[in-house]
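Here are the chains, one letter per residue:
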Amino acid sequence: WHATTILMVRKGGQTVIGGDGQVSLGATIIKAMNDTGMLVDGRKHGKGRFNWVGGQWYEGDWDADRAVGYGVIRFAGGNRYEGAVVDGEPNGRGTQVFPSGDRYTGDFVRGVFHGRGSYAWKNGNRYDGGWNMGKKHGQGRLLWADGDGWEGEFHDDRQTESGRRIAASATR
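Model, not experiment: these values are computed from the prediction.

Conventions we followed
- Residues numbered from 1 in each chain as written.
- Predicted model: local features only at pLDDT ≥ 70, side-chain atom pairs only at ≥ 80, totals over all residues.
- Heavy atoms only, no water.
- Helix = DSSP H or I, 4+ residues; strand = E, 2+ residues; numbered from the N terminus.
- Buried < 20%, exposed > 50% of the residue type's maximum accessible area, 1.4 Å probe, protein only.
- Core = buried A, V, L, I, M, F, W, Y, C linked by side-chain atoms within 4.5 Å.
- Contact = heavy atoms within 4.5 Å.
- Salt bridge = Lys/Arg side-chain N within 4 Å of Asp/Glu carboxyl O.

Caption draft 1: Molecular detail of the environment of Gly 48. Structurally, Gly 48 can be placed in strand β6 (residues 43-51). With relative accessibility at 9%, the residue Gly 48 sits in the buried group. Between the C-alpha atoms of Gly 48 and Thr 36, which are 12 residues apart in sequence, the distance is 5.4 Å.

Given below as C-alpha cells:
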C-alpha cells in the first residue's frame, strides 16, 4: 500500500481539507504519512511501513490495519525495538536499544519489560533475571563492569535480603 490521506472537516461554516500525506487543522498536524505496503479491503495487510508525525515508525507485519507479528519500531525519542509486536507495541520476545547504548533483550508485555530478560548498560553493568512491569523482580543476577555482582531475589527494582554478593572470580 501507498497511501494518500484526504480529510475534510467542517466547523463554524468553514471547511478544511488536507491531503497528500499531511492533514492539519490550524497548528495541529493530525496525520502525516509516507507509507508503503499492501491494502486488503482498504486495510494495511502483509509487510509494510507506517510513519507517524514526530519521527516514530513501524515496519513489519500487518493484519487488518493492526501492527501485529514481527517488526521493528523506531520511537520518536530514539529507542529502537525489534521483535514480537501486538497492536503496535512490543509484546512477546524482543530487543530494545536505547540512544544511551543500553540494551534490553527479553520478554515484553504491552511495551514494558515483563517476564525474563537481560539489561546491559553501556558502562558494562548487566542484569539477568525476572522483570515485573518494567522493574527487576524475582530471581536475578546483577553484575558490575568490574566482575563483582549480586544474585538473589529482587522486589520492585531492589535487592532483598535473600541474596548474596559474588566476587569477580566467581562470575567468570
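Caption draft 2: Seen up close, the nonpolar core. By size, the foremost hydrophobic cluster in this structure holds 17 residues, and its most contacted members are Tyr 58, Val 85, Tyr 104, Phe 113, Tyr 119 and Trp 131. Val 85 has contacts with Tyr 58, Ala 67, Val 68, Gly 69, Gly 71, Ile 73 and Asn 91, leaving out every residue within four places of it along the chain.

Caption draft 3: Fine view of the pattern of salt bridges. Taken as a whole and judged by the stated rule, the model has 12 salt bridges. Ionic pairing is found between Lys 47 and Asp 61, a salt bridge with its closest N-O pair at 2.4 Å. Of this pair, Lys 47 sits in strand β6 while Asp 61 sits in strand β7 (residues 57-63), placing them 14 residues apart in sequence. Classification of Asp 61 as buried rests on a relative accessible area of 19%. Between Glu 59 and Arg 49 there is a salt bridge; the shortest N-O distance is 3.4 Å. Taken together, the residues span a long stretch of sequence, with Glu 59 in strand β7 and Arg 49 in strand β6 at a distance of 10 residues. Beyond isolated ion pairs, a larger network of salt bridges with shared partners links Arg 141, Glu 151 and Arg 164.

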